Amino acid sequence: MFDIRPVETDYVRQRAAEFRAQVARRLDGSLTEDEFKPLRLMNGVYLQLHAYMLRVAIPYGTISPDQMRTLALLAEKWDKGYGHWTTRQNIQFNWPKLVDIPDMLDALADVGMHAIQTSGNTIRNVTTDAFAGAAFDEAADPRPYAELLRSWSTDHAEFQFLPRKFKIAISGGKKDRAVIAAHDIGLRLTEQNGKTGFEVWIGGGLGRTPLLGQVVRDFLPEEDLLPYVEAIIATYNLAGRRDNKYKARIKITVLERGLDVMRAEIEEEFLARRRDFHGADRDALAVFKDRFRAPSFRNAPIDGYEAERQANPAFRSWTDTNLHQHRVDGYASVAVTFKAPGQTPGDASASQMRLLADLAERYGHNDLRVMHDQNVALPHVHKSDLPALYAALREAGLATANAGLTSDIIACPGMDYCALATARSIPIAEEIADHFRTLGLEEEIGNLNIRISGCINACGHHHLGHIGILGLDRAGVENYQITLGGDAYDIPAIGERAGAGFPAEQVVPAIDRLLRAYLEVRQDPSERFIDAYRRLGQAPFKAALYPAQADA
Amino acid sequence: MSKAFTPTADRPGVITGNDLREGHNLWMCDGGWTPDPRRATLFEDEAIAELALLEAIGQPGVIVGPYLVEAKRGPDGPEPVHFREAFRQRGPSNYFHGIQADRRTAEAQKTESAHV
């Protein structure tokens, strides 16, 4: 567990005080809205459809029980009792009053948290695998590197006004659980000749021009991480377009200039910059590696766990879907899904947050992770504690056995909250989840990633869904386009648009036809939807979505 | 949403934005501001509406991002035309929060005081 040092707490307190003064100057008329807006955005404060929104950073999704309790306090005292996990491992509060936000930032500063660089054209929260330090397939724990990048990028003077926002993800596992291919920079930890380093990807991103990243460096030794990342961003900072917001992300810079040109410039910049790094970064990395030491794992029998699995089918089902293999025998990583029936994907109440904090202390070595799919993980739980953990989660409505299934849908807030949205996402997600739960088909369908965005900016990662749904405004009516074949994990792929969009009330019937067609054509239950799609192509699925056209 | 909307007699409009201090939605009403969209002033004349919008822009200590948007005449006052404005006037669909909840609270208080 990473501990916050006093110097960092002092820094966030000072930033909170600075923002309090800025709010006061806005309220007394010394600052215009045009002057204030960039200042509030630097502190994660947006103005949304119904209210202000505060986005709080959860660095690489790692959060301590005390910090989680502070989020619960914020939800209860200054919001409407809940918060929303985002796809970048942060949390958003949907109803804060501007006049209260300075107090909220002070409360966050008490536990070393803040909202700095959760908005604006800066380097945003560095994200990683929620099972970092726990996963069985890890080359190395990505968190010390993520922390190094976080410390370096916070208030990095050169990179406060980039052409556009900049997102970095880092993955330690053989399987990529951090979606590195869809980030401005993706880093995959790997080993070469006994040395730890990174495969470096650049130019990935979703939004209106979805593109997968490309490998710009096959192997970067770990000690060169900061100078190389700095070289990439410095190159982009100069070459990236500032004339057109929609062409300003690094993915467009790479697309327009070509990977080889970018690579040559980055390598040249890297050689120049590396001379200015005199080892402080490597010293810091050593300190961070020490601060992310593994907890003292227990060696205990797991007979009780096995017995409970035999005795309790609901528990067995939950352990089948919501556990992830741990690197230590007798342990598991637990995904607590926030996708219960009738629940808004990713919304957590204050009492649920407090319960997670308590359970992490009791059963989880004080460690909690916000997952990019809007769930929360307890990365280290001894299997003998799983029955008790499950019982406590179940009481709070948090034991839904659906991780990776049809109802485990990623959905952005959509037009229920977001000022940029063109249609709602949440009701569509709820309807799809309810429909397949009621039919009892979830288990039969198996692993399926449905992703819903309420506008082309793609915060719901619809392009990466096995089934993606994009909400649009078509002549004043909500309309939903369906994309098929996207994948965030195994073989990264951007989904292909299936055809004309559907009105809201026809989305569930369309997905129903699609999944029934899948059940018909799959070779056996081990062939997932995405596998069947890859084998057969779009035709049978398109025919199911558009039966009238297929008959014509 | 069209921020460049200009009202006419056939396509009237209202002026709306967000409360600076608290963030909730407000509508221009007789030169002041109301959280009740049904009480909004319905503008049917381009020149009058644009002058009113200038007046709104001139109140940065009250309102953030004021804009003109199409509305239609309804039995209880102006009604939204586009679904985005309908959501702004109601609140989110996943929780009973926002204006729909505030309205119920206000009406309950009204009933309560009527019984006193």
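From a predicted model like this one, the values you see are computed outputs, not experimental measurements. (Residues numbered from 1 in each chain as written. Chains lettered and ligands numbered in written order. Predicted model: local features only at pLDDT ≥ 70, side-chain atom pairs only at ≥ 80, totals over all residues.)

1. Re the overall build of chain B
(1) Moving on: In terms of regular secondary structure, chain B is built from 3 helices and 5 strands.
(2) Moving on: Scanning chain B from its N terminus toward the C terminus, one meets helices and strands in the order β-β-β-α-β-β-α-α.
(3) Moving on: Since a compact globule built from 116 residues should have a radius of gyration of about 13 Å, the 15 Å found for chain B is in line with a globular shape.
(4) Moving on: Seen through its principal axes, chain B has C-alpha atoms that stretch 45 × 30 × 30 Å.
(5) Moving on: Counting all 116 residues of chain B, 33% fall into the buried class.
(6) Moving on: Pairs at least 24 apart in sequence give 57% of the contacts found in chain B among residues at least 6 apart. (Helix = DSSP H or I, 4+ residues; strand = E, 2+ residues; numbered from the N terminus. Rg over C-alpha atoms; globule rule 2.2 N^0.38 Å. Buried ≥ 20, exposed ≤ 12 C-beta atoms within 10 Å, placed from the backbone. Contact = placed C-beta atoms within 7 Å.)

2. Details of the interface of chain B and chain A
(1) Moving on: Between chain B and chain A, the contact holds 22 residues from the first and 22 residues from the second.
(2) Moving on: Of all the secondary structure elements, the ones that give two or more residues to the side of chain B that touches chain A are strand E4 (63-74) and helix H2 (83-90) of chain B.
(3) Moving on: Per-element accounting of the side of chain B that touches chain A gives the leading share, 4 residues, to H2(B).
(4) Moving on: For the side of chain B that touches chain A, the residue count by class is 6 nonpolar, 12 polar and 4 charged. (Nonpolar A, V, L, I, M, F, W, Y, C, P; charged D, E, K, R; others polar.)

3. Some thoughts on helix H1 (residues 46-57) of chain B
All names here are of chain B.
(1) Moving on: Here H1 is 12 residues long and its end C-alpha atoms lie 16 Å apart, about the 16 Å a rise of 1.5 Å per residue gives.
(2) Moving on: Along H1, the residues classified as buried are Ala49, Ala52 and Ala56. Looking straight down H1, one finds that the buried residues subtend no more than 65° of arc, so they occupy a single side. The outward face of H1, more than 90 degrees from its buried face, is lined by the exposed residues Ala47, Leu51 and Leu54.
(3) Moving on: Those residues of H1 that are buried are in contact with strand E1 (13-19), strand E2 (25-29) and E4. (Expected span 1.5 Å × (residues − 1). Arc of directions from axis to C-beta.)

4. Let's talk about the nonpolar core
(1) Moving on: Counting residues in hydrophobic clusters, the biggest one holds 176 residues, and the most contacted among them are Leu54(A), Ile202(A), Ile232(A), Met353(A), Leu356(A), Val376(A) and Leu514(A).
(2) Moving on: Examining the composition of this core, we find that 8 residues originate from one element, helix H6 (residues 225-239) of chain A, more than from any other. (Core = buried A, V, L, I, M, F, W, Y, C linked by C-beta atoms within 7 Å.)

5. A closer look at the pairing of E1(B)
The side chains of a regular strand alternate, first on one face of the sheet and then on the other.
Residue and element names in this part refer to chain B.
(1) Moving on: Among the 7 residues that make up E1, 6 are buried, leaving the element largely enclosed by the rest of the structure.
(2) Moving on: Across 6 bridges, E1 lies against E4 in antiparallel orientation. Each residue of the ladder has a partner; that of Thr16, found in E4, is Tyr67.
(3) Moving on: In terms of strand pairing, E1 meets E2 through 3 bridges, oriented antiparallel. Looking at the pairing, Gly17 lines up with Leu26 of E2.
(4) Moving on: What sits between E1 and E2 in their antiparallel hairpin is a turn of 5 residues, with Gly23 showing a positive phi close to 95°. (Pairing = 2+ DSSP bridges.)

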